[in-house]
Amino acid sequence: MPELPEVETYARYFARHALHQRVVRVDVRDERILDEIRRETFVRKLKGREFDEVRRHGKHLFARAGETWLHLHFGMTGDLAYYRGDEAPRFSKVIFDFEGGTHLAFEDMRLFGLAALVDSPDAFVIAKGLGPDPLDPAFTFDRFDALLARRRGAIKSLLMSQEIIAGLGNLYVDEILFQTSIHPKRAVDRIRENERRAVFTTMRRILNEAIRRHGRETELPGRYLFHHRETGERCPRCDGTIKRTVVFGRTTYYCGSHQK
DNA sequence: TTCCATGTTCCGCA
DNA sequence: TTGCGGAACATGGA
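The structure contained in this document is the topic of the report that follows. (Residues numbered from 1 in each chain as written. Chains lettered and ligands numbered in written order. Predicted model: local features only at pLDDT ≥ 70, side-chain atom pairs only at ≥ 80, totals over all residues. Heavy atoms only, no water.)

1. Details of the overall build of chain A
- Counting its secondary structure elements, chain A contains seven helices and 10 strands.
- On C-alpha atoms alone, chain A measures out to a radius of gyration of 20 Å, which is about the 18 Å that the 2.2 N^0.38 rule sets for 260 residues.
- Expressed as lengths along the three principal axes of its C-alpha atoms, the size of chain A is roughly 55 × 35 × 30 Å.
- Burial statistics for chain A: of 260 residues in total, 55% are counted as buried.
- Contacts in chain A between residues at least 24 apart in sequence constitute 62% of all its contacts with a sequence separation of at least 6.
- With an accessible surface of roughly 12500 Å², chain A has 46% of that area assigned to carbon and sulfur atoms.
- In chain A, which carries 45 positive and 38 negative side-chain charges, the distance between the mean positions of the two groups comes to 5 Å. (Helix = DSSP H or I, 4+ residues; strand = E, 2+ residues; numbered from the N terminus. Rg over C-alpha atoms; globule rule 2.2 N^0.38 Å. Buried < 20%, exposed > 50% of the residue type's maximum accessible area, 1.4 Å probe, protein only. Contact = heavy atoms within 4.5 Å. Areas by Shrake-Rupley, 256 points an atom, 1.4 Å probe, with all protein chains shown as cover. Lys, Arg positive; Asp, Glu negative; His and termini not counted. Charge placed at Lys NZ, Arg CZ, Asp CG, Glu CD.)

Shown next as C-alpha cells:
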C-alpha cells in the first residue's frame, strides 16, 4: 500500500520498534529483492550493527547502520512487521533478527520493492534525480510552481512523476485532483495559479490527513474519492458520476461533473 | 479462467 | 527535448 503516507507510517514504525538493537542475523529469504548488491555484502555490512536513525524521502525509506544506510522501497505490496517468536510473515523477503529475540521482516508479495545499501539518503536522492518531498518544510509553493512551469502534459502525469515530486502515487494524485476539481488530463499549462495553489495546499492536507490515519486509506473521510473508486458511483461532492480512464498508464477515477 | 492491482523502468514513436 | 503509450516485471485476490 505504499505511497508517501504509508511509507511515512513504516518509517515511524521502524523508528519506534527497530532502533538501537544489535542485528544478530540478516536472513535474505529471496535474493530477487536485493537491488544491485550481492547477498553476502548486504549481510556482512548489516550484521552486528544497530540501526540508529530513520529517514524518508518520497516513497523511499532509509535506516542508518554505521557507515551505511539500509534503503527500502516498498513497490506495490511491501510492508514491515516487527514481531517476536518464530512465525515469520508469509511474504518475508528479508528478516533482521535482533538480540533479545525480536525480528523485523520486510515483506513484499509481488517483489516490486527492493532492499539495498546506500552511502547516504541525500546522495541517493540526487543520483536518482528524485524531486522534493512534498512534506519537506522547505518545499514551498513557489518551488512547486517552478517545477510545473515550462511543462506541458497532463497534470496527473506530472504529479505522478517522482523526478518532479517524490511520493505521490496513483491513489493520492486522483484524490488531490478530485478535491481540487481538476480533470486529471488537463494540461498543466492550462491550470491557473489559484488552482495550482489549491493543488499544493490540498496535497499537503491530504497527505497529513492520511498520515494521521496511519496511511490507512480506508479510514479517510467518506467524502474522499478513495471510497468511490468505481465506474458509475455517485460523486460524494456533487450530483455527478464517477468515471474511469487511463492516464500515465494507470487506472484513473474522477468525477465527470465537477472535475474540469 | 480472466482481469486487475497503491510502482518503476525501458523502448519506440511523435 | 519532451511526452506518451505499451510492455515487462511477479504474484495473489476478486
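2. Thoughts on the protein's contact with DNA strand C
- The environment of DNA strand C is made up of Arg32, Phe91, Met109, Arg110, Leu111, Phe112, Arg151, Arg152, Gly153, Ala154 and Ser157.
- Sugar and phosphate atoms represent 66% of those atoms of DNA strand C found within 4 Å of the protein.
- Separating a phosphate oxygen of DNA strand C from a side-chain N or O atom of Arg32 is a distance of 2.9 Å.
- In this structure, a phosphate oxygen belonging to DNA strand C sits 3.0 Å away from a main-chain N or O atom of Ala154.
- Here the surface near DNA strand C is composed, by residue class, of five nonpolar, two polar and four charged. (Near = heavy atom within 4 Å. Polar contact = N/O pair within 3.5 Å; in protein donor to acceptor, adjacent residues only side chain to side chain. Nonpolar A, V, L, I, M, F, W, Y, C, P; charged D, E, K, R; others polar.)

3. Concerning the sheet that holds strand β6 (residues 92–98)
- The four strands are arranged β1-β6-β7-β5 in an open sheet whose pairing can be described as antiparallel. Each edge of the sheet is formed by a strand with only one pairing partner; in this case those strands are β1 (23–28) and β5 (78–84). The average undirected angle you get between the axes of adjacent strands in this sheet is 15°.
- Where β1 lies against β6, five bridges are found, and the strand directions are antiparallel. Bridge pairing in β6 links Arg25 to Asp97.
- Strand contacts of helix α1 (residues 4–17): β5 and β7 (102–108), with the helix running at about 20° to β5, the strand carrying the most contacts.
- Each of β1 and β6 touches helix α2 (residues 39–46); the most contacted strand, β1, lies at about 160° to it. (Pairing = 2+ DSSP bridges. Axes fitted to C-alpha atoms, helices over the stretch in contact; angles between N-to-C directions.)

4. Structural notes on the packing of aromatic side chains
- Under the counting rule described, the total for this entry stands at 11 aromatic pairs.
- A centroid spacing of 4.5 Å and a plane angle of 45° characterise the contact between Tyr10 and Phe74, whose relative ring orientation is tilted. Linking Tyr10 in helix α1 with Phe74 in the loop between β4 (68–73) and β5, this pair joins segments that are 64 residues apart in sequence. When sorted by exposure, Tyr10 lands in the same class as Phe74, which is buried. (Phe/Tyr/Trp six-rings, centres within 6.5 Å; stacked < 30°, edge-to-face > 60°.)

5. Quick look at unusual backbone geometry
- A positive phi is found at His20, a non-glycine position, where the angle reads about 60°.
- With respect to the helices and strands, the residue His20 is situated in the loop between α1 and β1.
- Residues other than glycine seldom take positive phi values, yet His214 does so here, at roughly 60°.
- When you line up the elements, His214 lands in the loop between α7 (193–212) and β9 (242–247).

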